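# Fold and geometry: a report
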Amino acid sequence: MKKGTSVAISAALACLALILVVSAVTIVPVGSTGVVKNFGAPSGRTLNNGLHFKIPLVQSVENVDNKIQKLQVDASAVSMDLQAVSSVIAVNYKINPASSVDIVRNIGAQVYEDKILSPAVQESVKSATAKYTAEGLITERAKVGTEIAESLKSKVEDYGIVVQEFNIVNFDFSEAFNRAIEEKQVAQQNLLRVETEQKELVVKAEAAAKAAEAQARAILIEAEAQAKANTLLSESISTVLVEYEKIQKWDGKLPSVSGGNAIVDIR
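Now for the overall build of the protein chain. Helix and strand counts for the protein chain come out as seven helices and ten strands. Out of the 267 residues belonging to the protein chain, those deemed buried represent 25%. Nonlocal contacts in the protein chain, meaning residues at least 24 apart in sequence, comprise 67% of its contacts between residues at least 6 apart.

Here's what the structure looks like:
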């Protein structure tokens, strides 16, 4: 055998050995579960995070992410009063480590969102939305969100998907409905303004009536006092008092008297 051929064979064997060594090692990331497969089929054996060895060409490891993940879904539905509703749903979830093998065996670690979680979100949104009017979806948003979340949890828990948090990011309605809501709000504001103005007028009228009543009472009291004073004054006047007043005012001079052709002046 030539020297060059020997070197080539040695190099090839070394490369093959390196490939076998590398393929015999696997690393499971932190927060993940490694599902061991034998000839591509899940064996039921799992690996925790860290460095592990496997049989080259026989075994492979598929990692399932068990950390909390976020899924955002655009969902469409129809309300009880037949209004089209578009919503954006955000779900924080994780895969139960104990369900990692079942996820790989029955669904697939890379497609469970598309096959299970997203359809479950859509179905839960449609079911809850149909119980409310479009206006009710706005005014009772928290209640609607709770109903959707409970429905979603019940649909996915058997698959080992744990819903940690659920949020309705947005409810959106048709342009016609939004315009109707805006017009209703404007009408309510106008009605409130008119009612406020009417209440102010009533308050002012009541205040004016009270002021007029107080003024009339004051006038009556004054008139009654004057009448009482006049009564007391008239009761106190007598002939003697009148004569006495005349004497008090007399200056001591007798009046001049004219009679016939003579004028008598008494000094």
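That was the structure; now back to the text.
The biggest cluster of nonpolar side chains holds 38 residues, and the ones touching the most others in it are Ile 89, Val 91, Leu 152, Val 156, Ile 161 and Phe 166. The set of elements that each furnish at least two residues to this core consists of β6 (69–78), β7 (84–95), α2 (100–107), α3 (112–129), α4 (134–139), α5 (141–156) and β8 (161–173). A total of seven residues in this core trace back to one element, the largest contributor, which is α3.

This part is about the sheet that holds β8. Here we have three strands laid out as an open sheet, ordered β6-β7-β8, and antiparallel in their pairing. Only two strands of the sheet have a single neighbouring strand rather than two, namely β6 and β8. The mean angle between the axes of side-by-side strands here comes to 20 degrees, regardless of whether they run parallel or antiparallel. Across ten bridges, the pairing between β6 and β7 is antiparallel. For Val 78, the partnering residue across the bridge sits in β7 and is Ala 84. Across the sheet, α3 touches β6, β7 and β8, and the angle it forms with β6 is around 40 degrees. Its contacts with the sheet put α5 on β7 and β8, and the angle it makes with β8 is roughly 140 degrees.

Within the protein chain, residue pLDDT values average 82, and 77% of them lie at 70 or more. Confidence, read as mean pLDDT per element, is least for strand β10 (residues 262–264) in the protein chain (49) and greatest for strand β2 (residues 32–38) (94).

So, about the environment of Lys 155. Here Lys 155 shows up in helix α5. With 32 residues separating them in the primary sequence, Lys 155 and Glu 123 have C-alpha atoms 9.4 Å apart.

We now examine the packing of aromatic side chains. Summed over all chains, the structure comprises two aromatic pairs. When the ring of Tyr 93 is compared with that of Tyr 112, the centres are 6.1 Å apart and the planes differ by 80 degrees; the resulting orientation is edge-to-face. Of this pair, Tyr 93 sits in strand β7 while Tyr 112 sits in helix α3, and the two are 19 residues apart along the sequence. Note on Tyr 93: relative accessible area 0%, which makes it buried.

What follows is about the packing of α3 against α5. Two measures define how a pair of helices packs: the angle their axes make with one another and the distance between the axes. Two elements in contact, α3 and α5, have axes whose closest approach is 9 Å; the angle formed by their N-to-C orientations is 140 degrees. Relative to α5, the element α3 lies oblique. As for the relative orientation of α3 and α5, their crossing is right-handed in sense. The residues of α5 that touch α3, namely those facing Ile 116, Leu 117, Ala 120, Val 121, Glu 123, Ser 124, Val 125 and Ala 128, are Glu 147, Ile 148, Ser 151, Leu 152, Lys 155 and Val 156.

To continue, consider α3. Taking 1.5 Å as the rise per residue, α3 with 18 residues should run 26 Å; its terminal C-alpha atoms sit 25 Å apart, in good agreement. Where α3 bends most, the angle comes to about 25 degrees, and this point is Ser 118, followed within four residues by the proline Pro 119. Restricting attention to buried positions, one finds in α3 the residues Tyr 112, Ile 116, Leu 117, Ser 118, Ala 120, Val 121, Ser 124, Val 125, Ala 128 and Thr 129. Among the structural elements, β6, β7, α2, α4, α5 and β8 are those in contact with the buried residues of α3.

Among the structural elements, Glu 62 can be located in strand β5 (residues 59–65). Spatially, the C-alpha atoms of Glu 62 and Gly 108 are 9.5 Å apart, while their sequence positions differ by 46 residues. Ignoring anything within four residues of it in the chain, the contact list for Glu 62 reads Thr 33, Gly 34, Val 35, Lys 37, Val 104, Ala 109 and Gln 110. Engagement of the side chain of Glu 62 in a polar contact is seen with the side chain of Lys 37, the distance being 2.5 Å.

Definitions and limits used
Residues numbered from 1 in each chain as written. Predicted model: local features only at pLDDT ≥ 70, side-chain atom pairs only at ≥ 80, totals over all residues. Heavy atoms only, no water. Helix = DSSP H or I, 4+ residues; strand = E, 2+ residues; numbered from the N terminus. Buried < 20%, exposed > 50% of the residue type's maximum accessible area, 1.4 Å probe, protein only. Contact = heavy atoms within 4.5 Å. Core = buried A, V, L, I, M, F, W, Y, C linked by side-chain atoms within 4.5 Å. Pairing = 2+ DSSP bridges. Axes fitted to C-alpha atoms, helices over the stretch in contact; angles between N-to-C directions. pLDDT = per-residue confidence, 0-100. Phe/Tyr/Trp six-rings, centres within 6.5 Å; stacked < 30°, edge-to-face > 60°. Parallel < 35°, antiparallel > 145°, perpendicular 65-115°, else oblique. Left-handed = near helix turned anticlockwise from the far one by under 90°. Expected span 1.5 Å × (residues − 1). Bend = angle between axes of the 7 residues up to and from the residue. Polar contact = N/O pair within 3.5 Å; in protein donor to acceptor, adjacent residues only side chain to side chain.

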